[in-house]
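As a plain string of letters, each chain reads:
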Amino acid sequence: MPRRMWLVLSLAMVLIASGPARVGAAGAAGAAGAAGNWTWPVVGPVIRSFEPPETSYGPGHRGIDVAAPIGTPVVAPAPGNVTFAGAVGGELFVTVGHGGGLVSTYSWLSAILVRKGDVVHEGVTLALSGPGHTGVAPPHLHFGVKRDGSYIDPLSVLSPFSVVGLIRLAPILAPRET
């Protein structure tokens, strides 16, 4: 097997074996709430993961930060109803209830494109991403999910990342005759 093809196949096997990557990608979504079937709200690498607090008011990171340029469309990962859309402490936030005790939050936005009470479908643009947490680079979307009032790891409801769009197979070249 030519060395180039072996390298491409090796990379593909590593990506597949590593399971869901911490990179956003739009994926097929089914019913809201089923584990692992929500569309990613933005496409980008996860730059900070979920860190559950030990107590309700304790320190932690109640979501994931997904790198995205300021102004990137933020889409609904599943159908739902907008329960909040506005400013808190001068920063823009959107919250969507998805039924079954699931609620998603989108923080540090640059613009909001929905209103409280709007019914949204999967893939509808809710807002535009903003700078992210103060003093943290690169710009990013903070995406949180609650189940029955408690924060959960958003990766548990997001579709696994597909490597299909990443793998580009090079053509097999016949050996050159010299």
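Keep in mind it's a predicted model, so treat the numbers as computed, not measured.

Student: What is the right way to read the pattern of salt bridges from this model?
Tutor: Once the charged atoms of two side chains with opposite charge are near each other, the side chains can pair. Tallied over the full model, the rule gives one salt bridge. In this structure, Glu 51 engages Arg 48 in a salt bridge whose closest nitrogen and oxygen atoms are separated by 3.2 Å. Under the relative-accessibility criterion, Arg 48 is labelled partly exposed at 33%.

Student: Where do I start with the pairing of strand S6 (residues 102–112) in this structure?
Tutor: It is a general feature of regular strands that their side chains alternate between the two faces of the sheet. Pairing between strand S5 (residues 91–99) and S6: seven bridges, direction antiparallel. Bridge pairing in S6 places Thr 95 opposite Thr 105. Where S5 folds back onto S6 in an antiparallel hairpin, the turn is made up of two residues, including Gly 100, whose phi is positive at roughly 65°. Both S6 and strand S9 (residues 140–147) contribute to a ladder of six bridges, which runs antiparallel.

Student: What am I meant to see in the nonpolar core here?
Tutor: The nonpolar side chains of a soluble globular protein tend to be buried, and buried together. Grouped together as the largest cluster of nonpolar side chains are 28 residues, with contacts concentrated most on Trp 38, Ile 64, Val 94, Tyr 106, Leu 126 and Phe 143. Sorting the residues of this core by element identifies strand S2 (64–67), S5, S6, strand S8 (125–129) and S9 as the ones contributing at least two each. Excluding residues within four positions of it along the chain, Val 94 makes contact with Val 82, Phe 84, Ala 85, Ser 104, Thr 105, Tyr 106, Leu 109, Ile 112, Val 114 and Ala 127.

Student: I'm lost on the layout of surface pockets in this one. Help?
Tutor: Of the voids in this model, the largest pocket is the one considered here, and its volume is about 240 Å³. Phe 93, Thr 105, Ser 107, His 142 and Tyr 151 are the residues nearest the centre of the largest pocket, which is lined by 15 residues in total. Residue assignment for the lining of the largest pocket shows that the elements contributing at least two residues are strand S4 (80–88), S5, S6 and S9.

Student: For this particular structure, what's the right way to read the environment of Ser 104?
Tutor: With respect to the helices and strands, the residue Ser 104 is situated in strand S6. In sequence terms Ser 104 and Ala 76 are 28 residues apart; their C-alpha atoms lie 8.9 Å from each other. Excluding anything up to four places from it in sequence, Ser 104 contacts Trp 38, Val 94, Thr 95, Val 96, His 98, Phe 143, Gly 144 and Val 145. Among the polar contacts made by the side chain of Ser 104, one reaches the side chain of His 98 at a distance of 2.6 Å. Of the polar contacts made by the side chain of Ser 104, one reaches the side chain of Tyr 106; its length is 2.5 Å.

Student: I would appreciate a short explanation of the environment of Leu 92 in the present structure.
Tutor: Structurally, Leu 92 can be placed in strand S5. When the C-alpha atoms of Leu 92 and Ser 107 are compared, they prove to be 6.5 Å apart, with 15 residues separating the residues in sequence. Excluding its chain neighbours within four sequence positions, the residues that come into contact with Leu 92 are Gly 86, Ala 87, Tyr 106, Ser 107, Trp 108, Leu 109, Ser 110, Ala 111 and Ile 112.

Student: I tried to follow the side chain of Thr 95 on my own but got confused; where do I start?
Tutor: With respect to the element layout, Thr 95 can be found in strand S5. Assessed through its relative accessible area of 16%, Thr 95 is described here as buried.

Student: Looking at this structure, I do not really get the side chain of Ser 107. What am I missing?
Tutor: Positionally, Ser 107 belongs in strand S6. Looking at Ser 107, the relative accessible area reads 6%, which means it is buried. Not counting residues up to four positions away in its chain, the partners in contact with Ser 107 are Leu 92, Phe 93, Leu 141 and His 142.

Student: Mind showing me how you'd approach the packing of aromatic side chains here?
Tutor: The relative placement of two aromatic rings is captured by the distance of their centres and the angle of their planes. Within this structure, the stated rule accounts for two aromatic pairs. On the basis of an interplanar angle of 35° and a centroid distance of 5.4 Å, the ring pair of Tyr 106 and Phe 143 is categorised as tilted. Of this pair, Tyr 106 sits in strand S6 while Phe 143 sits in strand S9, and the two are 37 residues apart along the sequence. The same class applies to Tyr 106 as to Phe 143, namely buried.

What counts and what doesn't
Residues numbered from 1 in each chain as written. Predicted model: local features only at pLDDT ≥ 70, side-chain atom pairs only at ≥ 80, totals over all residues. Heavy atoms only, no water. Salt bridge = Lys/Arg side-chain N within 4 Å of Asp/Glu carboxyl O. Buried < 20%, exposed > 50% of the residue type's maximum accessible area, 1.4 Å probe, protein only. Pairing = 2+ DSSP bridges. Helix = DSSP H or I, 4+ residues; strand = E, 2+ residues; numbered from the N terminus. Core = buried A, V, L, I, M, F, W, Y, C linked by side-chain atoms within 4.5 Å. Contact = heavy atoms within 4.5 Å. 1 Å grid on protein atoms, 1.4 Å probe; cavity = no way out; pocket = protein on both sides within 12 Å on 5 of 7 lines; lining within 4 Å. Points joined across faces, edges and corners; volume = space filled by probe spheres on them. Polar contact = N/O pair within 3.5 Å; in protein donor to acceptor, adjacent residues only side chain to side chain. Phe/Tyr/Trp six-rings, centres within 6.5 Å; stacked < 30°, edge-to-face > 60°.

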